[in-house]
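Structure at a glance
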Amino acid sequence: MTDALTVSAVQYQALEGGIVPNVQEHVRLIEDAESHGARLVVFPGLSLTGYNLEQLADDGYWLQQNDPRLGDLYEICRRTGITAVAGAAYREPDGTPRLASLVIHPDGTTGLGFKTHLHGQEQEVFAAGDGALVIDLDGWKIALAICFDAAVPAHSTGAAQSGADIYAVSALYTLAEDRRLALHLGARAMDNRMFAILANLGGSTALGPSCGLSGFWGPDGFELKKAVGTGTEVVTTVLQRSALRKFR
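This write-up is about the structure you can find in this document. Quantities reported herein were computed from a predicted structural model and do not represent experimental measurements.

**Quick word on the packing of aromatic side chains**
With the rule as written, the count across this model stands at three aromatic pairs. Residues Trp-140 and Phe-195 carry aromatic rings whose centres are separated by 6.3 Å and whose planes lie at 40° to one another, so their mutual orientation is tilted. Of this pair, Trp-140 sits in strand E8 (residues 140–146) while Phe-195 is found in strand E10 (residues 195–200), placing the two residues 55 residues apart along the sequence. Over the ring of Trp-140 we find Arg-241, and its NZ or CZ is 4.2 Å from the ring centre.

What follows is the structure in structure tokens.
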């Protein structure tokens, strides 16, 4: 167990062209995060394709188990010792469609967290998950959330009851939702006495322009660090366990 964990939240403007070019850009950004000492790198929701549900009519925009297009992501995580969380549309072996956070560990093992609280058109495309996936890294417990999950207090409460120290949200908040973003992340952190992380999709999206603001919140609900713009940016900070102890 470590007293400090260095984490990068990647605000990411997805590239056109589907999974392959976005994998290559994820690799470059993980290398950037490594230069800042990151052990965990969190990307936004649907980071491997961008948020455009219409394009999911094409099977090529979906990941499947042991997808060979992810080979370079596995390799960069192995080489750097970083655990990465990327966002994708994922089909389970039985065909169940999920809005997923894919976790790639340095040893090649993977985890999958599924969005619990689907919103709008997502309900027509995906099947809902049943709560936050909690992963362990260096003795820290990190709960994964996807976008609207952070708007439902019970989701983060369930994560906290599972022992989470960090609530990591992969999302798309648009320019009109900046106030909502700040309230969601600050409240989830403060109410549950844990850190919160936001990795927001950047740039232009099918839902409108991003508001940016990817970053970190402390267990007191106050913002620790945030992105300065609305495009692609790696935001890195060191989370200290001593900050949690003050509130637990």
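Additional details are given in the paragraphs that follow.
**What about the environment of Ile-142?**
Structurally, Ile-142 can be placed in strand E8. Considered as a pair, Ile-142 and Ala-154 are 12 residues apart in the sequence and their alpha carbons are 16 Å apart. What Ile-142 contacts, discounting residues up to four positions off in sequence, is Leu-5, Leu-40, Leu-133, Val-134, Ile-135, Leu-137, Ile-166 and Ala-168.

**Remarks on the sheet that holds strand E7 (residues 133–137)**
Strands belonging to one sheet form pairs held by backbone hydrogen bonds; the direction of such a pair is parallel or antiparallel. Read from one edge to the other, the open sheet built from six strands follows the order E7-E8-E9-E10-E13-E14, with strand pairing classed as mixed. Sheet topology places E7 and strand E14 (223–226) at the edges, where each strand pairs with a single neighbour. Within the sheet, the average angular offset between the axes of one strand and its neighbour, ignoring direction, is 20°. Where strand E9 (residues 166–171) meets E10, six bridges bridge the pair, whose relative direction is parallel. The residue bridging Ser-170 from the neighbouring strand is Ala-199, located in E10.

**Considering the pattern of salt bridges**
Under the criterion given, the structure shown has 11 salt bridges. The salt bridge involving Arg-28 is made with Glu-25; its shortest N-O contact spans 2.7 Å. One end of the pair, Arg-28, and the other, Glu-25, are both in helix H1 (residues 19–35), three residues apart, so they sit about a helical turn from each other. Judged by its relative accessible area of 40%, Arg-28 falls in the partly exposed class. Taking the shortest distance from any N to any O, the salt bridge between Arg-248 and Asp-165 comes out at 2.8 Å. One end of the pair, Arg-248, is in the segment after helix H6 (241–245); the other, Asp-165, is in the loop between helix H4 (153–161) and E9, and 83 residues separate them in sequence.

Each value, and the rule that gives it
- Residues numbered from 1 in each chain as written.
- Predicted model: local features only at pLDDT ≥ 70, side-chain atom pairs only at ≥ 80, totals over all residues.
- Heavy atoms only, no water.
- Phe/Tyr/Trp six-rings, centres within 6.5 Å; stacked < 30°, edge-to-face > 60°.
- Helix = DSSP H or I, 4+ residues; strand = E, 2+ residues; numbered from the N terminus.
- Lys NZ or Arg CZ within 6 Å of the ring centre and 35° of its normal.
- Contact = heavy atoms within 4.5 Å.
- Pairing = 2+ DSSP bridges.
- Axes fitted to C-alpha atoms, helices over the stretch in contact; angles between N-to-C directions.
- Salt bridge = Lys/Arg side-chain N within 4 Å of Asp/Glu carboxyl O.
- Buried < 20%, exposed > 50% of the residue type's maximum accessible area, 1.4 Å probe, protein only.

Shape is all these values report; function is a separate question.
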